[in-house]
Amino acid sequence: MSPASFSGQRDVSYDISCEFDDGMAADIEMQAFDQKYDYGKRAEYQVARLETTYLKKGDGWEKAPTVYQISVLDFNYDGVENADEGTPKSPEKTKSPVSRYAMRTKDGRELANALNIIFVELPKAKGA
């Protein structure tokens, strides 16, 4: 039996918000189908939103935890759709099923390592 479909229905997805024993937080999401939107922008929004849920008014920045947006995809993520001129479409385009993204300068220095995005591409894992 398959789920009923209707016009405008979102495909199968599943989200879990969790906190690890060391205090780091994650939103874990599973996507069964490529919904043809920019997953990079969506993941950046999700991880930033997760970060903002931990600080209360008056808290110091040291209370901001390291957070992760982990997306398990049953399709291959092609990378940045609208890359800047001279930037490769997919900077980490490899056969590896796991890609980690963080805020960095052009020469590779990480900013604070507080916002992390991880894509796990199941088709690549099956082929490994």
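Up top you'll find the structure we're talking about.
Residues numbered from 1 in each chain as written. Predicted model: local features only at pLDDT ≥ 70, side-chain atom pairs only at ≥ 80, totals over all residues. Heavy atoms only, no water.

A few words now on the packing of aromatic side chains. Enumeration according to the criterion identifies 4 aromatic pairs in this entry. Ring-pair connections join several aromatic residues into one group, and the members of that group are Y37, Y39 and F75. (Phe/Tyr/Trp six-rings, centres within 6.5 Å; stacked < 30°, edge-to-face > 60°.)

Now for the pattern of salt bridges. One pass over the full model with this rule turns up 7 salt bridges. In this structure, R109 and D107 form a salt bridge, with 3.4 Å as the shortest nitrogen-oxygen distance. Each of the two residues, R109 as well as D107, counts as exposed. One salt-bridge network, held together by shared partners, links R100, R104 and E110. (Salt bridge = Lys/Arg side-chain N within 4 Å of Asp/Glu carboxyl O. Buried < 20%, exposed > 50% of the residue type's maximum accessible area, 1.4 Å probe, protein only.)

With that settled, consider the pairing of strand β3 (residues 67-73). Counting buried residues along β3, 7 of its 7 residues qualify, which places the element largely inside the surrounding structure. Neither face of β3 is open: one carries V67, Q69, S71 and L73, the other Y68, I70 and V72, and all of them are buried. Two elements, strand β2 (residues 25-31) and β3, share 7 bridges in a ladder whose sense is parallel. Following the sheet pairing, A26 is matched in β3 by Y68. Handedness of the β2-helix α1 (residues 39-52)-β3 crossover: right-handed. Bridge analysis of β3 against strand β5 (residues 115-121) gives 7 bridges, and the strand direction is parallel. Counted as the bridge partner of I70 is I118 from β5. (Helix = DSSP H or I, 4+ residues; strand = E, 2+ residues; numbered from the N terminus. Pairing = 2+ DSSP bridges. Right-handed = clockwise from strand over helix to strand, strands pointing away.)

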